[in-house]
There are 2 protein chains.
Amino acid sequence: MKVKVGISNRHVHLKQSDLDILFGKDLTIKNEINQPGQFACNEVVTIKTDKSEINNVRVLGPVRNYTQIEISKTDAYKLGLNPPVRTSGDLDNSEVVTIIGPNGSIKTNGCIIADRHLHITYKDKEKYNIPDKILVKIDGIKPGIIEVNVKTSEEAYFEIHLDTDDANAFLLKNNEEVEIL
Amino acid sequence: MKVKVGISNRHVHLKQSDLDILFGKDLTIKNEINQPGQFACNEVVTIKTDKSEINNVRVLGPVRNYTQIEISKTDAYKLGLNPPVRTSGDLDNSEVVTIIGPNGSIKTNGCIIADRHLHITYKDKEKYNIPDKILVKIDGIKPGIIEVNVKTSEEAYFEIHLDTDDANAFLLKNNEEVEIL
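Below is a short write-up of the structure. Only a predicted model underlies this, so the values are computations on that prediction, with no experimental measurement involved.

Moving on, we get to the pairing of strand β13 (residues 159-163) of chain A. Residues and elements named next belong to chain A. In terms of burial, β13 is a largely internal element, 5 of the 5 residues being buried. In β13, alternate side chains face the same way, and those of Glu-159, His-161 and Asp-163 on one face and Ile-160 and Leu-162 on the other are all buried. Across 3 bridges, the pairing between strand β10 (residues 117-121) and β13 is antiparallel. Within β13, the position partnered with His-117 by the bridge is His-161.

Written out as structure tokens, the structure reads:
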């Protein structure tokens, strides 16, 4: 079975109270992304630590119940952090960073490396008999097989989300197809 | 069979005439590396393109017959390059960069992404019946299997060389062990 890959660059999700401090206004839509209801915002922030900082980190909307900062291991070395690999919202013992917006700044936990995950509806997971973890074959000049977690929801666009480290290790581009074994 | 991983950060090898222009003096040893006769130098350069630049790129010695710049795909995006994945010395259609040293600068081809490779002696390759390409299993929180080329020489320290994208995708640290399948 083939599936497309969506490559996630570093980004942040914000809760309302943090959005208020950082921007003092609502998020504005730059473009919708594949997952239903989700969008990239025009708003960007700076992520700062004692060691370094990264500018122009995009905010993804809509507002969530938690603030979460998703970075790659490459980013983590630059920032001097050791974030856990996690699914969205699982933020116990996540790393602490300072987020700087045009209206203010916050120091918050919530910094993680996102796990590799497949988005699929409950219905399709059952229909196609997909287990909770899958093996995915990637072809090309630097081929291999990676383990990917399966993330179900009521509504979902069927795609695998990988971060830029995974994508760059396998020379994958956005929307390229890989194979579920 | 287990084997250790050596993680190669971006680096350059220099031919004598380029070393003369960039530094105007001999290379000096910072520390020896595992491969026999090879060493990290105290000398560093800047790699520059029209789009961006990366500072503090380490020179590896000794001097070679060709100048070669090894970067990751992550670096390539930053620099606006599309280097081929190559074994050392195979530099046809490699990318062009400017290298800046304390004594001068050169514009040269030779910029590649190094292929994933296992260093092994001719003797051991035959002894252990290792094919020209191997599959390597990586455990951990983000596990998988990658294809690795086998690179033979008369003298070799038995280890796999991966770049920082591969290492960061699998959360591998220098000298960690992986398994040849």
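So, about the relation of the copies chain A and chain B. Each copy superposes on the other: chain A lies on chain B with an RMSD of 0.0 Å after a rotation of 180° and an axial shift of 0.0 Å. What the superposition gives is, in effect, a two-fold axis relating one chain to the other.

Time to look at the environment of A:Ser17. Residues and elements named next belong to chain A. Tracing the backbone through its elements, the reader meets Ser-17 in helix α1 (residues 16-22). Residue Ser-17 is classed as partly exposed on the basis of its relative accessible area, which comes to 42%. Through-space distance from the C-alpha of Ser-17 to that of Asn-65 is 9.6 Å; in sequence the pair is 48 residues apart.

Before going further, it helps to examine the interface of chain A and chain B. Between chain A and chain B, the residue contacts involve 21 residues of the former and 21 residues of the latter. Roughly 1800 Å² is buried in total at the junction of chain A and chain B, and carbon and sulfur atoms are behind 58% of that figure. For B:Asp166, the salt bridge is made with A:Lys142, and the minimal N-O distance between the two is 3.1 Å. Across the chain A-chain B interface, the total number found is 13 residue pairs in polar contact (both at pLDDT 80 or more). Within the residue set of the side of chain A that touches chain B, elements represented by two or more residues are α2 (73-79), β12 (144-153) and α4 (164-169) of chain A. Of the residues in the side of chain A that touches chain B, the class split is 10 nonpolar, 3 polar and 8 charged. Relative to strand β12 (residues 144-153) of chain B, β12(A) is paired through 3 bridges, and the arrangement is antiparallel. Each bridged residue has a counterpart across the sheet, and for A:Ile146 the counterpart in β12(B) is B:Gly144.

A cis amide bond links A:Gly61 with the next residue in sequence, A:Pro62, at an omega value of 0°. With respect to the helices, strands and loops of the structure, A:Pro62 is situated in strand β5 (residues 53-64). Unlike most non-glycine residues, A:Asn175 shows phi in positive territory, near 75°. Within the element layout of this structure, A:Asn175 appears in the loop between α4 and β14 (177-180). Unusually for a residue other than glycine, B:Asn56 sits at a positive phi of about 60°. Inspection of the secondary structure assignment puts B:Asn56 in strand β5 (residues 53-64).

What counts, and at which threshold
Residues numbered from 1 in each chain as written. Chains lettered and ligands numbered in written order. Predicted model: local features only at pLDDT ≥ 70, side-chain atom pairs only at ≥ 80, totals over all residues. Heavy atoms only, no water. Buried < 20%, exposed > 50% of the residue type's maximum accessible area, 1.4 Å probe, protein only. Helix = DSSP H or I, 4+ residues; strand = E, 2+ residues; numbered from the N terminus. Pairing = 2+ DSSP bridges. Least-squares fit on C-alpha atoms with pLDDT ≥ 70 in both. Contact = heavy atoms within 4.5 Å. Buried area = accessible area lost by both parts, 1.4 Å probe. Salt bridge = Lys/Arg side-chain N within 4 Å of Asp/Glu carboxyl O. Polar contact = N/O pair within 3.5 Å; in protein donor to acceptor, adjacent residues only side chain to side chain. Nonpolar A, V, L, I, M, F, W, Y, C, P; charged D, E, K, R; others polar.

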